[in-house]
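Letter by letter, the chains look like this.
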Amino acid sequence: MGETAQELVSGQRSAWQRIVTHPFVGRTSDGTLPRETFDRWLTEDYFFVRSFQVYLAELSAIAPDDEAREVLAGGIAALVPELALFEKAAAERGLDLGVEPSLLNVGYSAYLLSTVREGWPAAIAVLYAVEKAYFDAWASVRDTTGPDTPYAGFIANWSSPEFSAYVEQLAALVDREQLTPAMELGFDRVARFEIAFWDLVHG
Ligand code: MP5
């Protein structure tokens, strides 16, 4: 992580603390999460990731060069096995993935798409925030998650060396930019959306 990415994360210290210590994450890892809570998250997040696919494609269309396009292509490719993970878990748990998502989720997904029109520097800062939040949260429980947790595949998905490398590539793209208020605002909004999303499903 270089200077701009570092400044964005440091500017969100207290929100980041809430993200990495959120009870949804801790309870997913230690096996105390109620089944219905995970089920709720699964269907909500499936909608989010499907919308995210569209968002990444649109963001890729405004990427300034091949380096940026290649990083985003990696992110888009990773969504194929990720969505399969959701679909397999939903089938095993008898969940309908077509249920109507919360308005918070609709709002978050629409917000991400809207950032594409704000231009590359703000948009890449926003994408970095989304992925960095997930990596930091799930990596914080990676090494303490027992082998019997039913959700190990999800925890591994966002805490793997591959995902870590992707988040570092995003940080490198952010570091090519000078910090702007629009980047800080986007980073702040994502932090608040992430906390609200877990608060919503965890009740
Ligand atoms: C991610 C996610 C990570 N799956 N859900 C939320 C609410 N925020 C971030 O994004 P991705 O596309 O699954 O890596």
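A brief structural summary.

Reading the values: the criteria
- Residues numbered from 1 in each chain as written.
- Predicted model: local features only at pLDDT ≥ 70, side-chain atom pairs only at ≥ 80, totals over all residues.
- Heavy atoms only, no water.
- Core = buried A, V, L, I, M, F, W, Y, C linked by side-chain atoms within 4.5 Å.
- Buried < 20%, exposed > 50% of the residue type's maximum accessible area, 1.4 Å probe, protein only.
- Helix = DSSP H or I, 4+ residues; strand = E, 2+ residues; numbered from the N terminus.
- Contact = heavy atoms within 4.5 Å.
- Lys, Arg positive; Asp, Glu negative; His and termini not counted.
- Salt bridge = Lys/Arg side-chain N within 4 Å of Asp/Glu carboxyl O.
- Expected span 1.5 Å × (residues − 1).
- Arc of directions from axis to C-beta.
- Axes fitted to C-alpha atoms, helices over the stretch in contact; angles between N-to-C directions.
- Parallel < 35°, antiparallel > 145°, perpendicular 65-115°, else oblique.
- Left-handed = near helix turned anticlockwise from the far one by under 90°.
- Nonpolar A, V, L, I, M, F, W, Y, C, P; charged D, E, K, R; others polar.
- Near = heavy atom within 4 Å.
- Polar contact = N/O pair within 3.5 Å; in protein donor to acceptor, adjacent residues only side chain to side chain.
- Areas by Shrake-Rupley, 256 points an atom, 1.4 Å probe, with all protein chains shown as cover.
- 1 Å grid on protein atoms, 1.4 Å probe; cavity = no way out; pocket = protein on both sides within 12 Å on 5 of 7 lines; lining within 4 Å.
- Sits in = over half its atoms within 2 Å of the grid points.

## Description of the nonpolar core
In step 1: Of all hydrophobic cores here, the largest spans 69 residues; its most connected members are W41, L112, L127 and W198.
In step 2: When residues in this core are grouped by element, the largest group, 16 residues, is from helix α7 (residues 120-142).
In step 3: Aside from chain neighbours lying at most four places away, what touches W41 is F24, F86, Y134, F154, W158, F197, W198 and V201.

## A word on the side chain of E177
In step 1: Relative to the helices and strands, E177 resides in the loop between α9 (161-175) and α10 (181-202).
In step 2: Among buried Asp, Glu, Lys and Arg side chains, E177 stands out as unpaired, with R176 the closest opposite charge at 4.7 Å.
In step 3: Other than its neighbours up to four places away in sequence, E177 contacts T4, W120, P121 and M183.

## Some thoughts on helix α6 (residues 103-115)
In step 1: The terminal C-alpha atoms of α6, which comprises 13 residues, lie 18 Å apart, in line with the 18 Å expected from a rise of 1.5 Å per residue.
In step 2: Taken residue by residue, α6 has N105, Y108, S109, Y111, L112 and T115 as its buried positions. The buried residues of α6 all sit within an arc of 155 degrees when viewed along its axis, so they share a single face.
In step 3: In this structure, the buried residues of α6 make contact with α4 (35-61), α7 and α10.

## Let's talk about the pattern of salt bridges
In step 1: Considering all chains together, one arrives at 11 salt bridges under this definition.
In step 2: Taking the shortest distance from any N to any O, the salt bridge between R35 and D39 comes out at 3.9 Å. Taken together, the positions of R35 and D39, both in helix α4 and 4 residues apart, correspond to about one turn of that helix.
In step 3: Residue D39 is classed as buried on the basis of its relative accessible area of 13%.
In step 4: Notably, a salt bridge pairs R93 with D39, separated by 2.6 Å at the nearest N-O pair. Residue R93 is located in helix α5 (residues 66-93), and its partner D39 is located in helix α4; the two are separated by 54 residues in the primary sequence.
In step 5: Since its relative accessible area comes to 17%, R93 is described here as buried.
In step 6: When salt bridges with common partners are traced through the structure, they connect R35, D39 and R93 into a single cluster.

## Here we look at the packing of α7 against α9
In step 1: Relative to each other, α7 and α9 sit at 155 degrees, their axes nearing to 9 Å. One finds that α7 runs roughly antiparallel with respect to α9. The chirality of how α7 crosses α9 is left-handed. Contacts between α7 and α9 involve W120, I124, A125, L127, Y128, E131, K132 and F135 on the former and, on the latter, F163, S164, Y166, V167, L170, A171, L173 and V174.
In step 2: Tallied by class, the residues present in the contact of α7 with α9 amount to 13 nonpolar, 1 polar and 2 charged.

## A short note on the site of the ligand
In step 1: The local shell around the ligand holds 13 residues, among which D45, E82, E131, W158 and E194 are the closest.
In step 2: In this structure, an oxygen atom belonging to the ligand sits 2.4 Å away from a side-chain N or O atom of E82.
In step 3: Within the side chain of E194, an N or O atom sits 2.6 Å from a nitrogen atom of the ligand.
In step 4: In the complex, the protein chains occlude 99% of the 350 Å² of accessible area that the ligand would expose alone.
In step 5: Spatially, the ligand is embedded in the largest pocket.
In step 6: Secondary-structure elements contributing two or more residues to the shell around the ligand are α4, α5, α7 and α10.

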